[in-house]
Amino acid sequence: MIKNIAIVGGTHGNEFTGIYLIKKLEAELAIDNLDITYLLANPKAYQAVKRYIDRDLNRSFKQSDLNNPELTGYENLRAKEINQQLGPKGNAKTDFIIDLHTSTAPMGINLVITKADPFHLKLADYVKSRLEGVTITWEEIEDHHFLMSVAERNILVEIGATPQGVLRQDVFDKTQQTVLEILEFINSYNQDSLPESSKELEVYKYFSVAYLPQNEKGEITGMIHQNIQDRDFQTLRKGEPIFKLFTGEEIVYQGDECTISFINEAAYYDEKKAFSMSKKELLKL
Ligand SMILES: [Zn+2]
């Protein structure tokens, strides 16, 4: 039974869609038998229109970090507060967390799951079979750093393309539709009335990230090649150009075939990341 739900926006302060959507839903949404908390996760970063102040809040929820009294800075403090409010992680009063994000890359509706158990696979399958352009990313690691890992069950909704610090109606509407489908799933799950799921589900299992070309001083020496720009959730093959250096030279991909996403994501530039890499897998439901 899932009763206590948190819908979180503004984990990244410059991703406005979730921030305004939770205000709208809080004002107008009432669902019997569900107790919903709406949380603006990083109000200081939102005011500053920045992803974060001192540290990425969505990398700050490892149990070891939450327990570490030496960690200072706004987001570490905020992570501990949120863990108190929604958690504590491992024994949380919140049954389920929906964390709302946006991307500057044309990702469509991307759902991120951190566990490929029947609940999360059925949830992802439910949304994918009801909305257009849904992809599922599976990013499982031990003691996850995501905010949503405070609850045992969770999903991250990542929708794009939108610039940072901007509200776009198409992205806003898609995010709202996704949240409503997720809540419908929860309702059916609670009433034991879920429709039959698909036989199998296509998921992209995250395995690595590619970095922009850099010189020995760490300055970038080129950019994403137009060959891969906007090709999110498409296949990258060995020998394809991925970077165009400022000298005019092209850098080609040397690795094994994979799927790429978050291509040229604005939020990636502070760490000089270029794109995310995953492998397509078919999981039985
Ligand atoms: Zn985000």
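Thresholds applied
- Residues numbered from 1 in each chain as written.
- Predicted model: local features only at pLDDT ≥ 70, side-chain atom pairs only at ≥ 80, totals over all residues.
- Heavy atoms only, no water.
- Donors = N, O, S within 2.8 Å, 3.2 Å for Na, K, Ca; no water.
- Patch = residues over 30% accessible without salt bridge, like charges linked within 9 Å, V, L, I, M, F, W, Y side chains within 5 Å.
- Areas by Shrake-Rupley, 256 points an atom, 1.4 Å probe, with all protein chains shown as cover.
- Salt bridge = Lys/Arg side-chain N within 4 Å of Asp/Glu carboxyl O.
- Helix = DSSP H or I, 4+ residues; strand = E, 2+ residues; numbered from the N terminus.
- Phe/Tyr/Trp six-rings, centres within 6.5 Å; stacked < 30°, edge-to-face > 60°.
- Lys NZ or Arg CZ within 6 Å of the ring centre and 35° of its normal.
- Buried < 20%, exposed > 50% of the residue type's maximum accessible area, 1.4 Å probe, protein only.
- Pairing = 2+ DSSP bridges.

Undergrad: Explain the coordination of the zinc ion here, please?
TA: Four donors placed tetrahedrally about a metal ideally form angles of 109.5 degrees, and six donors placed octahedrally ideally form angles of 90 or 180 degrees. Within the first shell, the zinc ion binds the protein through H12 (ND1), E15 (OE), E15 (OE) and H101 (ND1), at distances of 2.0 to 2.3 Å. Mapped onto the sequence, the donors of the zinc ion take the spacing H-x2-E-x85-H.

Undergrad: Teacher, can you tell me more about a nonpolar patch on the surface here?
TA: Together, I220, M223, F246 and Y269 give the surface a local cluster of nonpolar side chains, amounting to about 390 Å² of exposed area. In this fold, I220 is placed in the loop between β7 (200-211) and β8 (222-224).

Undergrad: Where do I start with the packing of aromatic side chains in this structure?
TA: Here a ring pair, both rings aromatic, is described through the centre-centre distance and the interplanar angle of the planes. Scanning the entire structure with this criterion turns up eleven aromatic pairs. Clustering of aromatic rings is evident, with ring pairs tying together F96, F119, Y126, F185 and Y189. Residue placement shows R130 over the ring face of Y126; its charged tip is 3.7 Å from the ring centre. K205 extends its terminal NZ or CZ atom over the ring of W138, reaching a point 4.5 Å from the ring centre.

Undergrad: Honestly, the pairing of strand β4 (residues 108-113) in this entry has me stumped. Any pointers?
TA: Side-chain positions along a regular strand alternate between the two faces of the sheet. Counted residue by residue, β4 has six buried out of six residues, so it is predominantly covered. Examined bridge by bridge, β4 and strand β6 (residues 153-160) share five bridges and lie antiparallel to one another. By the bridge assignment for β6, V112 is matched with L156. Sheet analysis places β4 next to strand β5 (residues 134-138), joined by five bridges and oriented parallel.

Undergrad: Even after reading the chapter, I still don't get the pattern of salt bridges, so can you show me in this structure?
TA: Any two side chains of opposite charge can pair, given that their charged atoms come close. Scanning the entire structure with this criterion turns up 14 salt bridges. Note that K115 is salt-bridged to E152, the shortest N-O span being 3.6 Å. Taken together, the residues K115 in the loop between β4 and α5 (118-128) and E152 in the loop between β5 and β6 connect sequence positions 37 residues apart. Residue K280 pairs with E202 through a salt bridge whose shortest N-O separation is 3.7 Å. Taken together, the residues span a long stretch of sequence, with K280 in strand β13 (residues 273-284) and E202 in strand β7 at a distance of 78 residues. Take E202: its relative accessible area is 27%, and that puts it in the partly exposed class. Connected via shared salt-bridge partners are E15, R51 and D56.

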